[in-house]
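# Topology and contacts: notes
What follows is the residue order along each chain.
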Amino acid sequence: MMMFQKYRRILVFLSCILASGSSLAQEPFLKLSDAIQLGLENYNSIKAKKNYLKASEALVINAQKQFLPDVTAAIQNNYGTANGQFGSLYPYRGVGMAAAGPSSASQNWNTAFGALYASNVNWDIYTFGRLKASVDIARSQVSRDSLDLQQEKFAHAIKITASYFSLLTAQKFVEISKQNYKRVSALRDVIKARTANGLNAGVDSSITNAEVSNARLGEIEAQNIELQATNQLAILLNTPTKHFQLDTLYFSKIPEQLGSTLAIENNPTLQLVKSRISIAENTQKLLSRNKLPVISVFGSFQSKASGFDYDYSPTNNHVDKNYFSGIAPSRSNFILGAGMFWNFMSPTKINHQIKAQQFISEGLKSEYDLMENQLKSQMILADQRIENALLTYKESPIQLDAARNVYEQKAVLYKNGLSNIIDLTQALFVLNRAETNISVAYANVWQALVLKAASNGDIDLLIKQAR
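Presented here is an overview of the structure given in this document. Small disclaimer: the values here were computed from a predicted structure and weren't measured.

The subject of this paragraph is the overall build of the protein. Across its full length, the protein carries 10 helices and 6 strands. The C-alpha radius of gyration computed for the protein amounts to 42 Å, which surpasses the reference 23 Å derived for 467 residues by more than 25%, pointing to a less compact arrangement than a globule. Across its three principal directions, the C-alpha atoms of the protein cover 140 × 70 × 35 Å. The proportion of buried residues among the 467 residues of the protein is 35%. Partitioning the contacts of the protein with sequence separation of at least 6, the portion at a separation of at least 24 is 87%. In the structure as shown, the protein presents an accessible area of about 28000 Å², 57% of it carried by carbon and sulfur atoms.

Structural data, given as structure tokens:
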């Protein structure tokens, strides 16, 4: 019975190990390329700019269809009087109504049904480039929104990459802090034992207790930094905050390509400013075209119906009160024509709008020059960062090997009573710093690559080297 219980405990223990192992295996592994793809698909700002682009594309079709003629049709039934009166009327903004009938000596309230059936066609067949300018503006807005979307994707990919490496570095710091805590804790246990046996002074135990506490505080601080970096990456990916298992291969290799052949003019930020300049210039062209006339052709056909007979007069009250007789068309007219319509005051009204648009264009060109100079300076900074990061990358392993040798020597000397606790803790501090520095060296090379890609606008420089 006891043997059976023993085997059962062993089986339970093994099942727990397998269960924990399977849960660890199920933890998602987030590659940098997958993180970028996920962020570009999920981020709401990118979704918004996609919709803005679709709206601009719809406006291009709308601008192209403005060339089509205006065709209207109307059917009107009415009931009213037909009193006429000599005089003039200016129908300001549609105020007033028309009544066709003879003039009478006094007001009468004879009423009948009537109707109007009409169709009109008005077609601006030549606008001196006005419609083409409108289409050009709509197309330049599509180009702007498309470049705005590309720039947003580019900037977001850069942010995700930078955040990815920041979190990767933070996780590495947590790992180093835990290793340091274990190392100091093991040293404390050895010193406690030696102190209890009278081989070391009691102050050594106090010093190691302080170092253990300091290592624990360092571990907590590293975990806080990791939490912040994790939250930042989750925001950029638009996913719930959770533990991300990242690719640690970046701490064992550096990028194979650190230079870019892409011209700075192709930077998405500069391309976006260029598209805004294009919109301003096309708007200026459209305003200039608005000074010119419009050549139109037009035509109209209408039929009228009235319950008042053709010989109706104030003394001859021939009125048909029947609704269907009143709305039956009895007279028709048509007209065809062409004309040139020109508002001679347009140049006076539009000139200052054109000047304002010229100032806007010049302002955008100044913004372009400013952005170009900033990116050029950033490119120089990125090259210097890469150079310094490579120097640090080459120097860090030398520092780590030396620090390990010093720590091992000091530990042996201390155990043999040939060194003091201060020298040992100092060697421990140097080793911890060296382990941190080599991780930072790898991270700095990748972060320098991110800066290089951002300044050149070459996202492929990152994508093709991301796992």
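The structure having been displayed, the exposition proceeds.
Moving on to the packing of aromatic side chains. All told, the structure shown has 13 aromatic pairs when counted by the stated rule. Ring centres of Y79 and F113 lie 4.7 Å apart, and the angle between their planes is 45°; on these two criteria the pair is classed as tilted. Of the two residues, Y79 is situated in strand β2 (residues 70-80) and F113 in strand β3 (residues 112-126); the sequence distance between them amounts to 34 residues. Ring centres 5.2 Å apart and planes at 75° place the aromatic pair Y323 and F324 in the edge-to-face group. In this structure an aromatic cluster arises from ring pairing among Y79, F113, Y323 and F324. A cation sits over an aromatic face here: K172 above F251, 5.5 Å from the ring centre.

Time to look at the pattern of salt bridges. With the rule as written, the count across this model stands at 11 salt bridges. In this structure, the salt-bridge partner of E367 is R276, at a minimum N-O distance of 3.5 Å. Of this pair, E367 sits in helix α8 (residues 346-415) while R276 is found in helix α6 (residues 268-289), placing the two residues 91 residues apart along the sequence.

Turning to unusual backbone geometry, a few remarks are in order. The phi dihedral of F128 falls on the positive side, at around 55°, and the residue is not glycine. Along the chain, F128 falls in the loop between β3 and α4 (130-196). Accessibility expressed as a relative area gives 26% for F128, which makes it partly exposed. Of note, N238 is a non-glycine position whose phi angle comes to about 55°, a positive value.

Of all hydrophobic cores here, the largest spans 64 residues; its most connected members are L30, Y164, F165, F244 and Y250. At the level of elements, α2 (32-42), α3 (44-64), α4, α5 (202-237), α8, α9 (421-456) and α10 (460-463) are the ones that each hand at least two residues to this core. Once residues lying within four places of it in the same chain are set aside, the contact partners of Y164 are L30, K31, L32, A35, L233, L246, D247 and Y250. Counting 9 residues, the second-largest nonpolar core is a separate cluster that includes V273, A280, Y368 and L375.

Bringing α2 into the picture now. Inspection of α2 places L32, A35, I36, G39 and L40 among the buried residues, and these make up the whole buried set. Summarising the axial view, the buried residues of α2 lie within an arc of 125°, below the 170-degree limit, and thus occupy one face.

Taken together, the side chains of F67, V71, V121, W123, I125 and Y126 define a hydrophobic patch exposed on the protein surface, amounting to about 550 Å² of accessible area. When residues in the nonpolar patch are grouped by element, the largest group, 4 residues, is from β3. Looking at the element boundaries, F67 is found in the loop between α3 and β2. Taking the relative accessible area as the measure of exposure, F67 reaches 40% and is therefore partly exposed.

What follows covers α6. Here α6 spans 32 Å end to end across 22 residues, near enough to the 32 Å set by a 1.5 Å rise per residue. Here α6 starts with a cap whose side-chain oxygen sits 2.9 Å from the backbone nitrogen of T269, and that cap is N267.

Bringing the sheet that holds β3 into the picture now. Strands sit in the order β2-β3-β5-β6 across an open sheet of 4 strands; the sheet is antiparallel. Two strands bound the open sheet, and with one partner strand each, they are β2 and β6 (331-341). Ignoring which end each strand starts from, the neighbouring axes of this sheet average 15° apart.

A word on the packing of α2 against α3. With their axes 5 Å apart at the nearest point, α2 and α3 run at an angle of 55° to one another. Considering their axes alone, α2 and α3 lie oblique with respect to each other. Contacts between α2 and α3 pair G39, L40, E41 and N42 from the former with N44, I46 and K47 from the latter. Considered class by class, the residues forming the contact of α2 with α3 number 2 nonpolar, 3 polar and 2 charged.

Moving on: the environment of G363. Counting through the fold element by element, G363 comes out in helix α8. With a relative accessible area of 32%, G363 lands in the partly exposed category. Remark: the alpha-carbon pair of G363 and G417, spanning 54 residues in sequence, is separated by 76 Å.

What follows concerns the layout of surface pockets. Rolled over the atoms, a probe sized like a water molecule indicates the empty space that remains. Its boundaries defined by the atoms lining it, the largest pocket holds a volume of some 930 Å³. Lining the largest pocket are 31 residues, and of these A100, K304, A305, S306 and F308 lie nearest its centre. It is β3 that contributes the most residues to the lining of the largest pocket, 5 residues altogether. Here the residues of the lining of the largest pocket sort into 16 nonpolar, 11 polar and 4 charged. Computed from the structure, the second largest pocket encloses a volume of approximately 370 Å³. Together, 14 residues line the second largest pocket, and N83, G84, Q85, M97 and A99 are the ones closest to its centre. Among the residues making up the lining of the second largest pocket, the classes are represented as 5 nonpolar, 9 polar and no charged.

Together, K47, K50, K54 and K153 line one region of the surface with positive charge. In terms of residue count, α3 provides more of the positive patch than any other element does, 3 residues in total. Relative to the assigned elements, K54 resides in helix α3.

What counts, and where the lines are drawn
Residues numbered from 1 in each chain as written. Predicted model: local features only at pLDDT ≥ 70, side-chain atom pairs only at ≥ 80, totals over all residues. Heavy atoms only, no water. Helix = DSSP H or I, 4+ residues; strand = E, 2+ residues; numbered from the N terminus. Rg over C-alpha atoms; globule rule 2.2 N^0.38 Å. Buried < 20%, exposed > 50% of the residue type's maximum accessible area, 1.4 Å probe, protein only. Contact = heavy atoms within 4.5 Å. Areas by Shrake-Rupley, 256 points an atom, 1.4 Å probe, with all protein chains shown as cover. Phe/Tyr/Trp six-rings, centres within 6.5 Å; stacked < 30°, edge-to-face > 60°. Lys NZ or Arg CZ within 6 Å of the ring centre and 35° of its normal. Salt bridge = Lys/Arg side-chain N within 4 Å of Asp/Glu carboxyl O. Core = buried A, V, L, I, M, F, W, Y, C linked by side-chain atoms within 4.5 Å. Arc of directions from axis to C-beta. Patch = residues over 30% accessible without salt bridge, like charges linked within 9 Å, V, L, I, M, F, W, Y side chains within 5 Å. Expected span 1.5 Å × (residues − 1). Polar contact = N/O pair within 3.5 Å; in protein donor to acceptor, adjacent residues only side chain to side chain. Pairing = 2+ DSSP bridges. Axes fitted to C-alpha atoms, helices over the stretch in contact; angles between N-to-C directions. Parallel < 35°, antiparallel > 145°, perpendicular 65-115°, else oblique. Nonpolar A, V, L, I, M, F, W, Y, C, P; charged D, E, K, R; others polar. 1 Å grid on protein atoms, 1.4 Å probe; cavity = no way out; pocket = protein on both sides within 12 Å on 5 of 7 lines; lining within 4 Å. Points joined across faces, edges and corners; volume = space filled by probe spheres on them. Lys, Arg positive; Asp, Glu negative; His and termini not counted. Charge placed at Lys NZ, Arg CZ, Asp CG, Glu CD.

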